Amino acid sequence: MTKVVKVRQVPDEESPSTSELSSKLLTWYELHRRDFPWRSASSCYEKIIAELLLQRTQAVTISNFYYTFLQEFPSWESLSVAKESRLRELLKPIGLWRQRARMLLSLSRALSEMEFRLPSTREALERLPGISQYMASAILLLCHGRKEPLLDVNMARILERVYGPRKLADIRYDPLLQKTARSAVNVDDPVGVNWAVMDLAATTCLQNTPKCLECPLSEMCQFAQRLESSAEERRT
DNA sequence: AAAGCGGGGCT
DNA sequence: AGCCCAGCTTT
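Residues numbered from 1 in each chain as written. Chains lettered and ligands numbered in written order. Predicted model: local features only at pLDDT ≥ 70, side-chain atom pairs only at ≥ 80, totals over all residues. Heavy atoms only, no water.

K.L.:
Quick question: what am I supposed to make of the pattern of salt bridges here?
P.N.:
Pairs can form between side chains of opposite charge once their charged atoms are near each other. For the structure on display, the rule yields 13 salt bridges. Of the charged contacts in the structure, one is a salt bridge between R39 and D199, with a shortest N-O distance of 2.8 Å. Placement of the pair is R39 in the loop between helix 1 (18–32) and helix 2 (44–54) and D199 in helix 11 (residues 190–203), with a sequence separation of 160 residues. The same class applies to R39 as to D199, namely buried. The partner of E160 in a salt bridge is R166, and the shortest N-O contact between them spans 2.9 Å. Connected via shared salt-bridge partners are R122, E126, R146, E148 and R182. (Salt bridge = Lys/Arg side-chain N within 4 Å of Asp/Glu carboxyl O. Helix = DSSP H or I, 4+ residues; strand = E, 2+ residues; numbered from the N terminus. Buried < 20%, exposed > 50% of the residue type's maximum accessible area, 1.4 Å probe, protein only.)

Pasting the structure below:
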């Protein structure tokens, strides 16, 4: 039984299901996952700090910095009474230090006024300083066990390559990205799918030079299929 | 919708 | 030398 040769992605062809996408991601993840300290973090504080530090910054950079930060500021309470000048100094090596120092202080102080009880609804979370859609989803996913997507530039890139480009510049308001992202993590292991996306995007589905030949999604990926068919044309 | 933040790694 | 990185706030 030979495999049917796919000719070319037809525009109105049925898009691959997100359950197929999630299943391929989870299978790949078992073998290729990266290990980072925050993935085995015990407390919500540690998980949230990791997500905050990771914004616009490569994961490897933060993995080297993570314990240094936690050692000096092991809790929301210790952070809320920190000196801003000290925070700036500590954050210098990873960049965005003015903004991060200000945000970490205002967030920890806002939580302090709530007696450090973390809100459990998106609406309440997004009222906190420094918490917008992505961070609210991260907290709901990692601290409250909800099936939320970490829809960042990485997940957006993978979803766009599989399902086609977004309509809106802002990830947070693009209907197709939002819909497919939410659907993809509606599985038994939403955290696994999210981390699989992060790892695949960082190691394989790269921004500039994606390694489609070793990607588990290439068969369902418009981008990879386009590459393949244009390579085919050059050969003939 | 676009600019600004920012040091470090990669090309 | 230039581009990108687990976003958010401000303009």
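K.L.:
Would you take a moment to explain the protein's contact with DNA strand C for this structure?
P.N.:
As a structural note, the neighbourhood of DNA strand C is formed by 24 residues, with W38, L54, R56, Q99 and N154 the closest of them. In DNA strand C, atoms within 4 Å of the protein come 55% from sugar and phosphate. A distance of 2.4 Å separates a base nitrogen of DNA strand C from a polar atom in the side chain of W38. At 3.4 Å, a backbone N or O of S132 approaches a phosphate oxygen of DNA strand C. When residues of the surface near DNA strand C are traced back to their parent elements, those giving at least two are helix 2, helix 8 (133–144) and helix 9 (153–163). Residues of the surface near DNA strand C, tallied by class, amount to eight nonpolar, nine polar and seven charged. (Near = heavy atom within 4 Å. Polar contact = N/O pair within 3.5 Å; in protein donor to acceptor, adjacent residues only side chain to side chain. Nonpolar A, V, L, I, M, F, W, Y, C, P; charged D, E, K, R; others polar.)

K.L.:
I would appreciate a short explanation of the environment of H32 in the present structure.
P.N.:
Tracing the chain through its elements places H32 in helix 1. The spatial distance from the C-alpha of H32 to the C-alpha of E228 is 24 Å, given a sequence separation of 196 residues.

K.L.:
Explain the protein's contact with DNA strand B to me, please; I cannot follow it from the model alone.
P.N.:
Surveying the vicinity of DNA strand B reveals the residues R56, T57, Q58, K92, P93, I94, G95, L96, W97, R98 and Q99. In DNA strand B, atoms within 4 Å of the protein come from the sugar-phosphate backbone in 53% of cases. T57 is positioned with one of its side-chain polar atoms (N or O) 3.2 Å from a base nitrogen of DNA strand B. Note that a phosphate oxygen of DNA strand B is positioned 2.4 Å from one of the side-chain N or O atoms of R98. For the surface near DNA strand B, the per-class residue count stands at four nonpolar, four polar and three charged.

K.L.:
Mind showing me how you'd approach helix 2 here?
P.N.:
Along an α-helix, a turn takes 3.6 residues, which lines up residues three or four apart on a common side. Buried residues dominate helix 2, accounting for eight of its 11 residues. The set of residues buried in helix 2 consists of Y45, I48, I49, A50, E51, L52, L53 and L54. One or two positions beyond helix 2, positive phi appears at R56, with a value near 55°.

These values are about where atoms sit, not about what they do.
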